[in-house]
Amino acid sequence: MSSTKQVIVIGAGIIGASIAWHLTGAGAKVTVISESGAGGVATPNSFAWINASWGNPKVYFRLRSRAMAEWKRLANELSGLPLNWCGGLCWDLPADRLEAYAAEHSSWGYGIERVDAKRAAQIEPNLVVPPEFAVYVAEEGVAEPVATAKALLADAGRHGARVIASTVSALVQTNGSITGVDTSHGLIAADEVVIAAGVGSPDIALTAGIKLPIETPPGLIVHSRPYKKLLNGLVHAERLHMRQTAEGRIIAGSDFAGGDPGENPEATARDLFAVAKAALRGADGLELDFHTIGYRPNPIDGFPIIGRAEGMDGVYIAVMHSGITLAPAVGLFATREILDGERDPLLAPYGLARFAQ
Ligand SMILES: Cc1cc2nc3c(=O)[nH]c(=O)nc-3n(C[C@H](O)[C@H](O)[C@H](O)COP(=O)(O)OP(=O)(O)OC[C@H]3O[C@@H](n4cnc5c(N)ncnc54)[C@H](O)[C@@H]3O)c2cc1C
């Protein structure tokens, strides 16, 4: 791929950063516009689990699996990304459903190992009560999300991309095509505009009459102060998802996507932290530092919106939950579609047009 197409990417979270990096590498002249700093809005509040785990149809599993492989490709192309293929231990389902998940995903090629309490204790020696039956996926991992987005943007910058701190107030239309954006710093023209603005995307799209059916459920995650190593990888117990970050913080949600903050988020955070602490041996000195509440940019059917809007040239949309998992595939596929008009078959179910039906 090579092109001198001028592309504006609205958003500097993990999705905008990945798209900007891939577009720049393919020769486009990229301008990233973001009203937040590099790293985004949902992205810093993410649990950041890279996975193709249970609960999704096979077609979406295939996109997620491909994205996991694309993370490895991206890490080869850009050294120093803060990725950790730490593995995930999961028993957040009743045993019969966990077994059904193991059987189904094994048949799809997911690297599943069924484990008993003895093996679980080998994988995570600091669990107070290792599960009698769990599923371990060694190929799951995490990307420290803000550092990853920043690394992608910094490298895109070294290769000519511009990053502008500004607010996009509207898409600019000329003869039925999008030809730029109106910002707090004035008009900026482009051949193509990518909306990767997370929960800010619907308002931007609507200025060109494009409706994005997004809901934004909140998710609460607690962060301990940095602590000695207690966890090797991801732990998904019932109503307790945990991992230890690169800087040593234990982070936990009642769900990886963040639990419901409830009416009193402080109390919810304290209760959740107490549960996490009680689940770990050697955690006597573990202290709650802070909690985050992130708003997930979640299309209403739970699947990503990736692609062009019907009947409107010059605009490309990339809005999704599971953006940490999907980012490298979205960056690659969006770049090919924007520059070469090639839509990857894995994206077939994820056009905006599905909501018109
Ligand atoms: C609690 C929680 C847990 C999660 N856990 C996981 C997980 O374990 N695994 C996983 O894969 N995903 C997870 N996700 C989802 C994932 O974090 C998101 O899908 C991803 O971060 C979205 O990235 P983004 O770049 O699209 O959005 P954001 O990071 O929100 O970035 C949006 C960008 O758009 C900019 N913007 C918005 N409006 C405007 C405007 N008008 N003008 C200029 N700039 C604008 C913002 O400033 C920002 O830079 C989780 C999310 C949450 C909240």
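Residues numbered from 1 in each chain as written. Predicted model: local features only at pLDDT ≥ 70, side-chain atom pairs only at ≥ 80, totals over all residues. Heavy atoms only, no water.

Where helix H1 (residues 14–25) contacts helix H2 (residues 58–77), the two axes come as close as 13 Å, and the packing angle between them is 60 degrees. In terms of orientation, H1 and H2 fall into the oblique class. Seen along the crossing, H1 lies across H2 with a hand that is left-handed. Residues Ile14, Trp21 and His22 of H1 form the contact with H2, whose own contacting residues are Trp71, Arg73, Leu74 and Glu77. In terms of residue class, the contact of H1 with H2 is built from four nonpolar, one polar and two charged. (Axes fitted to C-alpha atoms, helices over the stretch in contact; angles between N-to-C directions. Helix = DSSP H or I, 4+ residues; strand = E, 2+ residues; numbered from the N terminus. Parallel < 35°, antiparallel > 145°, perpendicular 65-115°, else oblique. Left-handed = near helix turned anticlockwise from the far one by under 90°. Contact = heavy atoms within 4.5 Å. Nonpolar A, V, L, I, M, F, W, Y, C, P; charged D, E, K, R; others polar.)

The subject of this paragraph is the side chain of asparagine 51. Within the secondary structure, asparagine 51 is located in the loop between strand E3 (49–50) and H2. With a relative accessible area of 3%, asparagine 51 lands in the buried category. Apart from the residues lying within four places of it in its own chain, the contact partners of asparagine 51 are Arg64, Met68, Tyr110, Glu140 and Thr325. (Buried < 20%, exposed > 50% of the residue type's maximum accessible area, 1.4 Å probe, protein only.)

Of all the bends found along helix H8 (residues 323–340), the most pronounced is centred on alanine 329 and spans about 35 degrees. Among the 18 residues of H8, 16 are classified as buried, and the element is accordingly described as predominantly covered. Immediately downstream of H8, the backbone of glycine 341 shows phi near 70 degrees, a positive value. (Bend = angle between axes of the 7 residues up to and from the residue.)

Our next topic: the packing of aromatic side chains. Scanning all chains against the criterion turns up five aromatic pairs. Judged by centre distance (5.6 Å) and plane angle (85 degrees), the rings of phenylalanine 61 and tyrosine 110 are edge-to-face. Taken as a pair, phenylalanine 61 in helix H2 and tyrosine 110 in the loop between helix H3 (95–107) and strand E6 (112–116) lie far apart in primary sequence, 49 residues in all. The same class applies to phenylalanine 61 as to tyrosine 110, namely buried. Pairing phenylalanine 303 with tyrosine 350 gives two aromatic rings, centres 6.3 Å apart and planes at 40 degrees, and the pair type is tilted. Placement of phenylalanine 303 in the loop between strand E20 (298–299) and strand E21 (305–308) and of tyrosine 350 in the segment after H8 is noted, with a sequence separation of 47 residues between them. Overall, phenylalanine 303 belongs to the partly exposed group, its relative accessible area being 22%. (Phe/Tyr/Trp six-rings, centres within 6.5 Å; stacked < 30°, edge-to-face > 60°.)

Right, let's get into the domain arrangement of the chain. Structurally, the chain comprises domain 1 (6–47 + 146–213 + 299–356) and domain 2 (85–140 + 216–297). The gap between the C-alpha centroids of domain 1 and domain 2 is 31 Å. Across the boundary between the two partners, domain 1 contributes ten residues, which contact 16 residues of domain 2. Here domain 1 meets domain 2 over a buried area of about 1,100 Å², counting both sides, of which 67% is carbon and sulfur. On the domain 1 side of the interface with domain 2, the three residues burying the most area are Asn45, Phe47 and His321, jointly 65% of the side's total. Where domain 1 packs against domain 2, one counts zero salt bridges. (Domains from an automatic or database assignment. Buried area = accessible area lost by both parts, 1.4 Å probe. Salt bridge = Lys/Arg side-chain N within 4 Å of Asp/Glu carboxyl O.)

What follows is about the environment of asparagine 84. Tracing the sequence through the fold places asparagine 84 in strand E4 (residues 83–84). Classification of asparagine 84 as partly exposed rests on a relative accessible area of 39%. C-alpha of asparagine 84 to C-alpha of alanine 143: the two residues are 59 residues apart in sequence and 6.5 Å apart in space. Beyond its immediate sequence surroundings of up to four residues, asparagine 84 is in contact with Glu140, Gly141 and Val142.

Take the packing of H1 against H8 next. When two helices pack together, their arrangement is given by the angle between the helix axes and the distance between those axes. Running from amino to carboxyl end, H1 crosses H8 at an angle of 40 degrees, the nearest separation of the two axes being 8 Å. Judged on the interaxial angle alone, H8 and H1 are oblique. The two elements H1 and H8 cross, and the hand of that crossing is right-handed. Residues Ile14, Ile15, Ser18, Ile19, His22 and Leu23 of H1 form the contact with H8, whose participating residues are Gly323, Ile324, Ala327, Pro328, Val330, Gly331, Leu332, Ala334, Thr335, Ile338 and Leu339. When grouped by side-chain class, the residues that make up the contact of H1 with H8 number twelve nonpolar, five polar and no charged.

Residue alternation in strand E13 (residues 192–195) divides its side chains into two sets, Glu192 and Val194 and Val193 and Ile195, and both sets are buried. Summarising the sheet, strand E1 (residues 6–10) and E13 pair through four bridges and their orientation is parallel. In the sheet register, isoleucine 8 faces E13, and the bridge partner there is valine 193. Two strands pair when backbone bridges link them, and E13 and strand E22 (residues 315–319) are joined in this way by three bridges, in the parallel orientation. By the bridge assignment, valine 194 is partnered in E22 with tyrosine 316. (Pairing = 2+ DSSP bridges.)

Turning our eyes to something else, we now look at the site of the ligand. Among the 42 residues in the neighbourhood of the ligand, the closest are listed as Ser36, Ala42, Thr43, Val168 and Met320. Alanine 12 is positioned with one of its backbone polar atoms (N or O) 3.0 Å from an oxygen atom of the ligand. In this structure, valine 168 approaches the ligand through a main-chain N or O atom, which is 2.8 Å from a nitrogen atom. Bound to the protein, the ligand loses 97% of the 1,000 Å² it would expose on its own. Elements with a contribution of two residues or more to the shell around the ligand: H1, strand E2 (29–34), strand E15 (218–224), strand E19 (288–295) and H8. Looking at the shell around the ligand, its residues break down into 20 nonpolar, 20 polar and two charged. Each of domain 1 (6–47 + 146–213 + 299–356) and domain 2 (85–140 + 216–297) accounts for three or more of the residues forming the shell around the ligand. (Near = heavy atom within 4 Å. Polar contact = N/O pair within 3.5 Å; in protein donor to acceptor, adjacent residues only side chain to side chain. Areas by Shrake-Rupley, 256 points an atom, 1.4 Å probe, with all protein chains shown as cover.)

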